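What follows is the residue order along each chain.
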Protein chains: 2
Amino acid sequence: MSSAVTTQRAYNFSAGPAVLPVSVLEQVRDEMMCLPGSRCSLLEMSHRDKVFIDILHDAENTVRSLMGISDDYAVLFLQGGAALQFSMIPANLLAGSGKSAAYIQTGVWGKKAIAEAKKEGDVNVVYDAAESNFNHVPGSGDYSVSDDSAYLYFCNNETIQGVQFQDEPACPAGVPLVCDASSDFMHKPVDINKYGLMYACAQKNAGPAGVTVVVIRRDLLDRGSKTLPGYLQYKNHADADSEWNTPPTFAIWVLGKVARWLQDDIGGLEAIEKLNRQKSSLLYDAIDQSGGFYTGHAKPDCRSLMNVTFTLPNDDLQAAFIAEAAANDLVALKGHRSVGGIRASVYNAMPLEGAKALAQLMNDFASKNA
Amino acid sequence: MSSAVTTQRAYNFSAGPAVLPVSVLEQVRDEMMCLPGSRCSLLEMSHRDKVFIDILHDAENTVRSLMGISDDYAVLFLQGGAALQFSMIPANLLAGSGKSAAYIQTGVWGKKAIAEAKKEGDVNVVYDAAESNFNHVPGSGDYSVSDDSAYLYFCNNETIQGVQFQDEPACPAGVPLVCDASSDFMHKPVDINKYGLMYACAQKNAGPAGVTVVVIRRDLLDRGSKTLPGYLQYKNHADADSEWNTPPTFAIWVLGKVARWLQDDIGGLEAIEKLNRQKSSLLYDAIDQSGGFYTGHAKPDCRSLMNVTFTLPNDDLQAAFIAEAAANDLVALKGHRSVGGIRASVYNAMPLEGAKALAQLMNDFASKNA
């Protein structure tokens, strides 16, 4: 914990924007005044400069390499966050198709996506976990999707509720599977070939706010109408290698560094999955072994590896817990108001030591206050 | 020029992303690991954290103070660049209005805006400078705008051609004036009350790539249809103080620092205008006193204070000029292919010393090679 102490840094459990690797921040700091091999800061460099083009390509290629993404897919770096994807996806893949799009609703982010999709075309909510206050995801027998759906949409990890699909939801062959991976992008290996489109705003598990990665199967690029606003057409961005207009150069630079860290320092997606399981298990064990002092929000078989959500017996104890955590360099633990309690986000960049320190505090606090 | 020498930095005449104040870059570097008063990097901080909310408000308030913007206007920080504004403006202010929008075309950026506007409604190009290869802007008697236009749109400074309006174009009372100020935002005092909407992507004159400032008169906020994609409705962003979704936190942070520099270090917009006139005059004088060796692209009465565009007698001399400039720490001077020659961008953050060094080189080079 030396770096936390020497720089006043704490273990930061923010749900997003969220913790980044210390080594990445150090590189950004060290290169801020002048990018190595260049004569200015990255912030001052034309996006058409070969040095930046190389940075962009390296970020793309590192993501491709980590995830095993073939050239059948385009990898785009866009602006506007998940919120703009909520509209771009149906604007490109649903509007004018004469079809209906299937949506699985397992939390707040899926709900927002559905509201935007309804503006663009016919939406069929095939599963809705709202009545359980979003404490689970459906099994394959719990819903059905028509063979001629425009696509099946789901959010892999709902950050507010802390529920996560353990595997891809069942989807008929020929229906593109569309995934919001904003809060768990690259947290474990996936078979990207099962997906038509996967996207993630970077600021939870992959970088800073300001860039959204879209992985889209190339045959889907032509579905968007040319009458769409130009920025909203995936094809424009794919044809121009994410330089249809000035991309968010800084956020792409940092995302590329995070991807490199994941590849070179961590060892890839199998290694990060192992680490993520260790970290979240420490916290879920603290919940399960507290004799009911802590109550987890998510059903055990839907627990998120990224966001661990739980409540304490009452509001006073929750406030005391948050205060004691802060005194121990453990910050940003307050849960979202819709679920309450505590939310500990342990994204890729949260060190194991941070999760250990929080688990220890949970055990100690429960012993003292149960 | 000590800082350029000690860090390998050069005077950077890039058209955008472009030069930033050295003191701003130093602050970003020094605060990268841990934001003062906080326990993490700005990059890792929730956009709902009070520390970030204060940064956002300070950026907004500094821009308001510099430009004299009253509460009759909202100041928004958005993503998607000017390219998304090309669509958002007509989507909000033209579509469904039953009116036509008037556009003045004085360069490449106006042309792109018109192409997007035509997707949203009826467009009337009231002036087109294409036949002159965009070397001028119209006078007030050169075009007319109908009283019932949805708005009158213009680009104040065309970066590629280096032509700039010296004052607001004539516009009938009651027709909102809409301005793309992407390459000269806050380069001199303006009376914002003459405008319905002014916007600027930050990466030329106000900050890094990744954030676009939109100043919009509040009565225009209600014109956008609720059926628009949520991200494209100005009202959503205004109602949520630019936190309708996660804003580009880093770019806003840096933009706020640039605005503070402009206010505290430079002394405001009158002071920066004086400096900008000094810098560009040095270069235009070098053109005018070269005996025809350098040929300016813009007509003298439309010359840009930000982008000085000129050609040399032939391609070999142009290549030699660029090489000699680079050897003298003067970089990113190559003009856009549509105009050719040299483009020296001397935005707000370009120090007077940089313009002096370039003017000296221009004089010396002309003496040797004329």
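Predicted, not measured: the structure shown is a model, and the values here were computed from it.

Visitor: Which residues make up the pairing of strand 14 (residues 342–345) of chain A, and what values go with them?
Guide: All names here are of chain A. Residues Ile342 and Ala344 line one face of strand 14 and the alternating positions Arg343 and Ser345 line the opposite face, and both faces are buried. Relative to strand 14, strand 12 (residues 307–311) is paired through four bridges, and the arrangement is antiparallel. The residue bridging Phe310 from the neighbouring strand is Ile342, located in strand 14.

Visitor: Outline the packing of helix 2 (residues 22–31) of chain B against helix 7 (residues 249–266) of chain B, listing residues and values.
Guide: All names here are of chain B. It is the contact of helix 2 with helix 7, at a shortest axis distance of 9 Å, that shows an interaxial angle of 135 degrees. Judged on the interaxial angle alone, helix 7 and helix 2 are oblique. For the pair helix 2 and helix 7, the crossing hand works out as right-handed. Residues Ser23, Val24, Gln27, Val28 and Glu31 of helix 2 lie in contact with helix 7, whose contacting residues are Phe250, Trp253, Val254, Lys257, Val258, Trp261 and Asp265.

Visitor: Requested: an account of the domain arrangement of chain A, with residues and values cited.
Guide: Residues and elements named next belong to chain A. According to the domain assignment, chain A consists of domain 1 (26–265) and domain 2 (268–369). Each of domain 1 and domain 2 was reduced to a C-alpha centroid, and the two centroids are 27 Å apart. Taken together, the 27 residues of domain 1 in the interface contact 25 residues of domain 2. At the surface where domain 1 touches domain 2, the tally comes to zero salt bridges. Summed over the shared surface of domain 1 and domain 2, the number is 15 residue pairs in polar contact (both at pLDDT 80 or more).

Visitor: Describe the relation of the copies chain A and chain B, naming the residues involved and giving the relevant values.
Guide: When chain A is fitted onto chain B, the two copies agree to an RMSD of 0.0 Å after a turn of 180 degrees and an axial shift of 0.0 Å. Both copies of the chain, as the preceding transformation shows, are related through a two-fold rotation axis. Ranked by how close their C-alpha atoms come to the rotation axis, the residues of chain A are headed by Arg29 of chain A, at 2.4 Å. Interface overlap between copies is the fraction of interface residues in one copy that are interface residues in the other; for chain A against chain B it reaches 100%, indicating a shared surface.

The rules behind these values
Residues numbered from 1 in each chain as written. Chains lettered and ligands numbered in written order. Predicted model: local features only at pLDDT ≥ 70, side-chain atom pairs only at ≥ 80, totals over all residues. Heavy atoms only, no water. Buried < 20%, exposed > 50% of the residue type's maximum accessible area, 1.4 Å probe, protein only. Helix = DSSP H or I, 4+ residues; strand = E, 2+ residues; numbered from the N terminus. Pairing = 2+ DSSP bridges. Axes fitted to C-alpha atoms, helices over the stretch in contact; angles between N-to-C directions. Parallel < 35°, antiparallel > 145°, perpendicular 65-115°, else oblique. Left-handed = near helix turned anticlockwise from the far one by under 90°. Contact = heavy atoms within 4.5 Å. Domains from an automatic or database assignment. Salt bridge = Lys/Arg side-chain N within 4 Å of Asp/Glu carboxyl O. Polar contact = N/O pair within 3.5 Å; in protein donor to acceptor, adjacent residues only side chain to side chain. Least-squares fit on C-alpha atoms with pLDDT ≥ 70 in both.

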